[in-house]
Amino acid sequence: MFKSRNRMMSVTVAALTTGLLLSSCGGATTKDAAPTAAPKSCVDTSGDTVKLGFLNSLTGGMAISEKTVSKTLHMAADEINASGGILGKKIVPVQEDGATDWPTFAEKEEKLLTKDCVAATFGGWTSSSRKAVKPVVEKYNGLFFYPVQYEGLESSKNIYYTGATTNQQIIPALDFLKSQGVKTLFLAGSDYVFPRTANAIIKLYAAKLGIKIVGEEYVPLDKADWTTQVAKIVKAKPDFIFNTINGSSNVGFIKAYYDAGLTPKKTPIISVSIAEEEAPAMGHDVSGNYASWNYFESLKTPTNPKFIADWKKYPGSSGVTSDPMEAAYISLYLYKALVEKAGSFDVDKINAAAKASKITFDAPEGMVTLDGENHHIYKPGHIGKINKQNQFDIVWESPEFIKPDPYLKGYDWFPAATRDALVKAAG
Amino acid sequence: MITRLKSSLPLLGIAALALALLVVAPAVLSDLRLNNLAKYCCWAMVAVGIGLTWGRGGMLVMGQGVFFALGAYAMGMHMQLESVGDGGIPTFMILYDPLAPLPAFWEPFRSGVFTIAMIVVAPVVVASILGFAIFKRRVKGAYFAILTQALAVALATLISGTIKYTGGDTGLSGFTSFFGYTLDDPLNRRLIFTITATLLIGCLVVVWQLYRSRFGELLVATRDAEERVRFLGYDPANVKLVAFVVAAVMASIGGAMFVPIAGIMAPKSMDAAASIFFIAGVALGGRAALFGPVLGALAVGYGQSTLSEQWPGTWIYVLGLLFVVVTIALPGGIASLATRGAGVMAGLLVGRRPSHRKAASA
């Protein structure tokens, strides 16, 4: 008797909740002609400060790399504040931790845009973190500045990319290899989107250049054992190894490489993820190998010495400068230039200014120019050879600053069907 | 009088939680906080299942990420296909071959009905096969825990290693619509929250009814004296199997709702670390209590969000410290506070001291 009454009550609860559920229906469907407009921006810049959001992983596996980017952003903010701020307003950074967790990146981005009401956000490292942030920043019509070289094939009116896209890092690396008379190449990468995409592009361009790919191996990001894969490299005897391995997995790769008797003299490696900060951490003397970046600490440009000196004395600095942190440094100055050209912190006005005028910044890697159409920047291609001090001797540079081309539209060897499908999918 | 009051307490609790989640929360919270709460509700659904298997059944399931992933990837695949439109293939697949057909196992997920069916059927099938093999062989204790944990690791590795079919480490993202509703619309996000909260309450009602039933008694008996249950003529393997399957379905539903809320699904959200994170909430809240796992999961989620806003970079230590303090000071979790309080209240009402034993075993 007693039981059945409680059953009835639970049925009542269920009915009630269903009713509530149904009553809350009624948002826009995909079939609606005009979807509800983006929520109104709550950014307030009427005072003498402007809030900017810095979003990087300060905890978790990516913290070791991303903390440097975060510190550089703070350094740039301090510099800009010391010289009068942006449009006369001092930057107030709001720091958030992405915690190496992609949904957390999305959550924090939304918090920065809607609760803190920041005028723009900066940071990220992995492609996953960028992909998590992208729908949020587009939904609220915010801005996100992404500072790391990546796999390209993307553009968004709400994201500015200050790292290299593939035609500014991967393609110059192959041009360099061609100039060295390389005939055979082995591809070794971590198993995630950047190496997979980079290698798909490498294979297409190498075919055009007449370089033969003699092998392709992947190991999961968090795995460090490369013994069996390196054994295949030994067997294939390539002229060069193209290394798209990311993070600490490189240490295992380098160890297996030297253990197998390979040397930079006979089988050199060209990397796209080993920079000044990583080279000394390989647990081995890696001198004689190469890396392809846009920025190196050894670059002789007018602004580089001051950048290096400032970074060395910045509290919590890692001591050496590197490409991703330099791109982060650029991103804040680029934002400053955009705002000052637009005369406003309004996102639409900034995007209009990017399209209408030439935005430049005298960066440590050289005078970079923004491409207002695809929101990437012109960058110089450089190949560095690692020396005994774990610095890079510049052995090759692109004839001019390379126009960013995320969809590789200017390269006839890239299949049009793929490009069209990707552009269509991106909307 | 006291029995009557005690037996209607859970129902009152569920009603209070329903009121808080479905009426109060949407009224007072911003879109951002409501979306965060929706995410915690997904974790809470997993937690309710863990409460059933671990708290009542004594089986420490350390790999609920597996079932979370089943639901999440089913939903993710459907939403990805819905977002690219009729005949389209997901962006990440285009690069490898723009003209390739969609992999065969993706194709049925174009159908919303099939997807919803799979969110329930897939965990039932997988958990039944796994559970049957494990429990019939009488694998238990630490061996069982390690086995489930290993499964989560294995599945995460499998997904990471099959980037061409699953999106790998980067996962599935770039969703624009959820069963025809655009995700950009704040009203639709509220709808998704309401569905999630309702499902969570549904899970609680199911578990409450299970606890009240003969099955619930049998499950506790199996936890406390498995051999004796066997001598009495029951097969403990079947009892455990049912709890395991129910928990798997709850984790799967939680995973499925997580996708439209978080906007991205990658192995990181279901791997070994994530699976342990699910358990942390349950332990914090009180694993054997009806409301313990829910409260714990909501508290840990809330703590993670707010602590990390207060102390970016160091919040994880604060959360860890909180966990240690609660585990030492309140072994029954947060819920034991409420139970103690309720016991005292009930005792006061009838002018009698609460039975110590009852409070401890609840």
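Residues numbered from 1 in each chain as written. Chains lettered and ligands numbered in written order. Predicted model: local features only at pLDDT ≥ 70, side-chain atom pairs only at ≥ 80, totals over all residues.

### Considering the overall build of chain A
Here is step 1: Summing up its helical and strand segments, chain A has 12 helices and 15 strands in all.
Here is step 2: Summarising its shape, the C-alpha atoms of chain A cover approximately 80 × 65 × 45 Å along the three principal directions.
Here is step 3: The buried share of chain A, reckoned over its 427 residues, is 52%. (Helix = DSSP H or I, 4+ residues; strand = E, 2+ residues; numbered from the N terminus. Buried ≥ 20, exposed ≤ 12 C-beta atoms within 10 Å, placed from the backbone.)

### Observations concerning the overall build of chain B
Here is step 1: Scanning chain B for helices and strands turns up 16 helices and 4 strands.
Here is step 2: Its C-alpha radius of gyration of 21 Å places chain B within 12% of the 21 Å reference for a compact globule of 362 residues.
Here is step 3: For chain B, the spread of C-alpha atoms along the three principal axes comes to 75 × 50 × 40 Å.
Here is step 4: For chain B, the proportion of its 362 residues judged to be buried stands at 52%.
Here is step 5: For chain B, long-range pairs separated by at least 24 residues make up 77% of all intrachain contacts whose partners lie at least 6 apart in sequence. (Rg over C-alpha atoms; globule rule 2.2 N^0.38 Å. Contact = placed C-beta atoms within 7 Å.)

### Overview of helix H5 (residues 112-136) of chain B
An α-helical turn contains 3.6 residues, so any two residues separated by three or four positions project in the same direction.
All names here are of chain B.
Here is step 1: Relative to the 36 Å expected for 25 residues at 1.5 Å per residue, H5 spans 36 Å between its end C-alpha atoms, a close match to the ideal helical length.
Here is step 2: A bend of about 35 degrees at Met118 is the largest found in H5.
Here is step 3: Taken together, the buried positions of H5 are occupied by Thr115, Met118, Ile119, Pro123, Ala127, Leu130, Gly131, Ile134 and Phe135.
Here is step 4: Those residues of H5 hidden inside the fold are in contact with helix H3 (65-84), helix H6 (141-161) and helix H11 (236-262).
Here is step 5: Phi for Arg138, located one or two positions after H5, is positive at around 60 degrees. (Expected span 1.5 Å × (residues − 1). Bend = angle between axes of the 7 residues up to and from the residue.)

### Thoughts on the sheet that holds strand E14 (residues 382-386) of chain A
Residues and elements named next belong to chain A.
Here is step 1: An order of E7-E6-E8-E9-E10-E14-E15 is seen for the 7 strands of this open sheet, with the pairing classed as mixed. Where the open sheet ends on each side, the last strands, each with one partner, are strand E7 (212-219) and strand E15 (392-397). Across the sheet, the mean angle separating the axes of adjacent strands is 25 degrees when strand polarity is ignored.
Here is step 2: As paired strands, strand E10 (residues 290-293) and E14 are joined by 4 bridges and run antiparallel to one another. Bridged to Ala291 within E14 is Gly384. (Pairing = 2+ DSSP bridges. Axes fitted to C-alpha atoms, helices over the stretch in contact; angles between N-to-C directions.)

### A short note on the packing of helix H9 (residues 214-224) of chain B against H11(B)
All names here are of chain B.
Here is step 1: Contact geometry of H9 with H11 gives a least axis separation of 10 Å together with a crossing angle of 110 degrees. By the criterion of interaxial angle, the relationship of H9 to H11 is roughly perpendicular. Classified by chirality, the crossing of H11 by H9 is left-handed. Mapping the contact onto sequence places Phe215, Leu218, Leu219 and Thr222 in H9 and Pro236, Val239, Lys240, Val242 and Ala243 in H11. (Parallel < 35°, antiparallel > 145°, perpendicular 65-115°, else oblique. Left-handed = near helix turned anticlockwise from the far one by under 90°.)

### Describing the environment of B:Thr148
Residues and elements named next belong to chain B.
Here is step 1: With respect to the element layout, Thr148 can be found in helix H6.
Here is step 2: Separated by 127 residues in the primary sequence, Thr148 and Ser275 place their C-alpha atoms 9.7 Å from one another.
Here is step 3: Look past the residues within four positions of Thr148 in its chain and what remains in contact with it is Val61, Met62 and Gly63.

### Overview of the interface of chain B and chain A
Here is step 1: Across the contact, 58 residues belong to chain B and 53 residues belong to chain A.
Here is step 2: Residue assignment for the side of chain B that touches chain A shows that the elements contributing at least two residues are helix H1 (2-28), helix H2 (31-56), helix H4 (91-94), H6, strand E3 (181-182), helix H8 (186-212), helix H13 (292-310) and helix H14 (315-329) of chain B.
Here is step 3: Ranked by the residues each element gives to the side of chain B that touches chain A, the list is headed by H8(B), at 10 residues.

### Some remarks on the UniProt feature "transmembrane region" (unreviewed entry) in chain B
Residues and elements named next belong to chain B.
Here is step 1: Residues annotated in UniProt with the feature "transmembrane region" (unreviewed entry) correspond here to residues 61-81, 113-135, 141-159, 191-211, 241-264, 276-302 and 314-338.
Here is step 2: As annotated, residues 141-159 has a helix share of 100% and a strand share of 0%, and its two end C-alpha atoms lie 28 Å apart.
Here is step 3: In this annotation, residues 276-302 is assigned 78% helix and 0% strand; the end-to-end C-alpha distance for the span is 17 Å. (UniProt positions renumbered as here; feature names shortened; annotations may be inferred.)

### Thoughts on the domain arrangement of chain A
All names here are of chain A.
Here is step 1: Each assigned domain of chain A is listed here: domain 1 (49-164 + 302-378) and domain 2 (167-299 + 383-419).
Here is step 2: Each of domain 1 and domain 2 has a C-alpha centre, and these two points are 26 Å apart.
Here is step 3: Contact with domain 1, which involves 26 residues of that partner, is made by 21 residues of domain 2.
Here is step 4: Of all the secondary-structure elements, those providing two or more residues to the side of domain 1 that touches domain 2 are helix H9 (304-313), helix H10 (323-342), strand E12 (366-371) and strand E13 (376-377).
Here is step 5: Tallied by class, residues from the side of domain 1 that touches domain 2 come to 8 nonpolar, 12 polar and 6 charged. (Domains from an automatic or database assignment. Nonpolar A, V, L, I, M, F, W, Y, C, P; charged D, E, K, R; others polar.)

### Some words on the packing of helix H3 (residues 102-114) of chain A against helix H4 (residues 127-139) of chain A
Residue and element names in this part refer to chain A.
Here is step 1: Contact pair H3 / H4: the axes reach a minimum separation of 8 Å and the direction vectors enclose 35 degrees. In this structure, H3 crosses over H4, and the sense of that crossing is right-handed. Every residue of H4 that contacts H3 at Trp102, Pro103, Phe105, Ala106, Glu109 and Glu110 is listed here: Ser128, Ser129, Ala132, Val133, Val136 and Val137.
Here is step 2: Looking at the contact of H3 with H4 residue by residue, the classes come out as 8 nonpolar, 2 polar and 2 charged.

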